[in-house]
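Residue-level structure breakdown
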Amino acid sequence: MKARQLAVGGAWEFEPDVFPDDRGLFVSPFQQEVFTEAVGAPLFAVAQASASISRRGVARGVHYARRAPGCAKYVTCSRGRVLDLVVDLRVGSPTFGAWDSVELSGDGFRAVYLPPGLGHAFLALEDHSTVHYLLSRAYDPADELAVSILDPDLALPIPADAVLSERDRAAPPLAGARDAGLLPVHAA
């Protein structure tokens, strides 16, 4: 398995080795030893596992947990393809407002790790794209907030005609969320 640090502080991409043969393939999309060596700590205790299925053109995010310490995520895609986006929403972070992307697919078995305080979003590039999340905290709708995925200041590679939920469509831009005190604060 290969690990690559993303442009957003604390975020990582993991690419496992895939072993195909005439029966199909075998892959281990998570390996504790590689994760711990890259991140510097073992994977968080998993409080919840979730999944979403999206048709092509659906965009979800930029979602984050507001209440400290936030929610860490380990994200994979088992079917289809998505452009997965990590956005630094931590006020005071050296990479505040920066983002990076990784294409996740059911063929490549890449994964993305997001520490608490980062925002997560994706754009489904194929129908039936299935994204899985391991979460360090159980979902709490009162604590789950969003920043606009279409915020021109973020300039994420999301088409203006992307299919969004009403909640995501109404999300404030990054500057508005910061000015309203809705963003997590970077822990030095």
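Starting from 1, residues in each chain are numbered consecutively following that chain's sequence as written. Thresholds applied to this predicted model are a pLDDT of at least 70 for local features of residues and 80 or more for the giving and counting of side-chain atom pairs; totals over whole chains, interfaces and linings are not thresholded and use all residues. Excluding hydrogens and water, the side-chain values take into account all heavy atoms of the structure.

Only strands joined by at least two bridges in the DSSP assignment are considered to pair. Runs of H or I in DSSP of at least four residues are treated as helices and runs of E of at least two as strands, each being numbered from the N terminus. Here strand 3 (residues 18–21) pairs with strand 4 (residues 24–27) via four bridges, running antiparallel. Bridging from a neighbouring strand, P20 pairs with L25 of strand 4. Here strand 3 folds back onto strand 4 in antiparallel fashion, the turn holding two residues.

This part takes up the sheet that holds strand 2 (residues 12–15). Taken together, the six strands give an open sheet; going across it, the order is 1-2-10-7-12-5, and neighbouring strands pair in antiparallel fashion. Each edge of the open sheet carries a strand with a single partner, namely strand 1 (2–5) and strand 5 (48–54). With strand direction ignored, the average angle separating the axes of adjacent strands in the sheet is 20°. Both strand 7 (residues 73–79) and strand 12 (residues 129–135) contribute to a ladder of six bridges, which runs antiparallel. Residue pairing for strand 12: Y74 is matched across the bridge by L134. Helix 1 (residues 32–39) rests against strand 1, strand 2, strand 7 and strand 10 (111–114) of the sheet, and its axis sits at about 150° to strand 2. Lines are fitted to the C-alpha atoms to define the axes, a helix being fitted only along its stretch in contact, and any angle between axes, read from their N-to-C directions, falls within 0 to 180 degrees. We call two residues contacting when some pair of their heavy atoms lies within 4.5 Å.

Note that strand 1 and strand 2 share four bridges and pair antiparallel. Within the sheet, the bridge partner assigned to Q5 lies in strand 2 and is W12. From the end of strand 1 to the start of strand 2, which pair antiparallel, there are six residues, and G10 there has a positive phi angle of about 90°.

The next point concerns the state of the cysteines. We call a pair of cysteine sulfur atoms a disulfide whenever their separation is within 2.5 Å. Under the criterion given, the structure shown has zero disulfides. Between C71, a cysteine without a disulfide, and C77, which holds the nearest cysteine sulfur, the sulfur-to-sulfur distance is 19 Å.

A word on the pattern of salt bridges. Within this document, salt bridges are pairs made up of a side-chain nitrogen of Lys or Arg and a carboxyl oxygen of Asp or Glu, the two lying within 4 Å of each other. The full count for this structure, using the stated rule, is ten salt bridges. Linking R137 and D143 is a salt bridge whose minimum nitrogen-to-oxygen distance equals 2.0 Å. For the exposure calls, accessible area comes from a 1.4 Å probe over protein chains only, and a residue counts as buried if that area is under 20% of its type's maximum, exposed if over 50%, partly exposed in between. With relative accessibility at 7%, the residue D143 sits in the buried group. Salt bridges here are not isolated pairs; linked through shared partners, they connect R4, E13, E15 and R110.

So, about the packing of aromatic side chains. The pairing test for Phe, Tyr and Trp rings, Trp by its six-membered ring, is centres within 6.5 Å, and the orientation test on the planes gives stacked under 30 degrees, edge-to-face over 60, and tilted for anything in between. Counted by the stated rule, this structure contains eight aromatic pairs. Taking 6.1 Å as the distance between ring centres and 40° as the angle between the ring planes, the aromatic pair formed by F14 and Y74 counts as tilted. Here the residue F14 occupies a position in strand 2, and Y74 occupies one in strand 7, the gap between them amounting to 60 residues. Here F14 falls in the buried class, since its relative accessible area comes to 0%. Pairing F30 with Y74 gives two aromatic rings, centres 5.2 Å apart and planes at 90°, and the pair type is edge-to-face. Of this pair, F30 sits in the loop between strand 4 and helix 1 while Y74 sits in strand 7, and the two are 44 residues apart along the sequence. Assessed through its relative accessible area of 3%, Y74 is described here as buried. Linked through ring pairs, W12, F14, F30, F35, F44, Y74 and Y113 together constitute an aromatic cluster.

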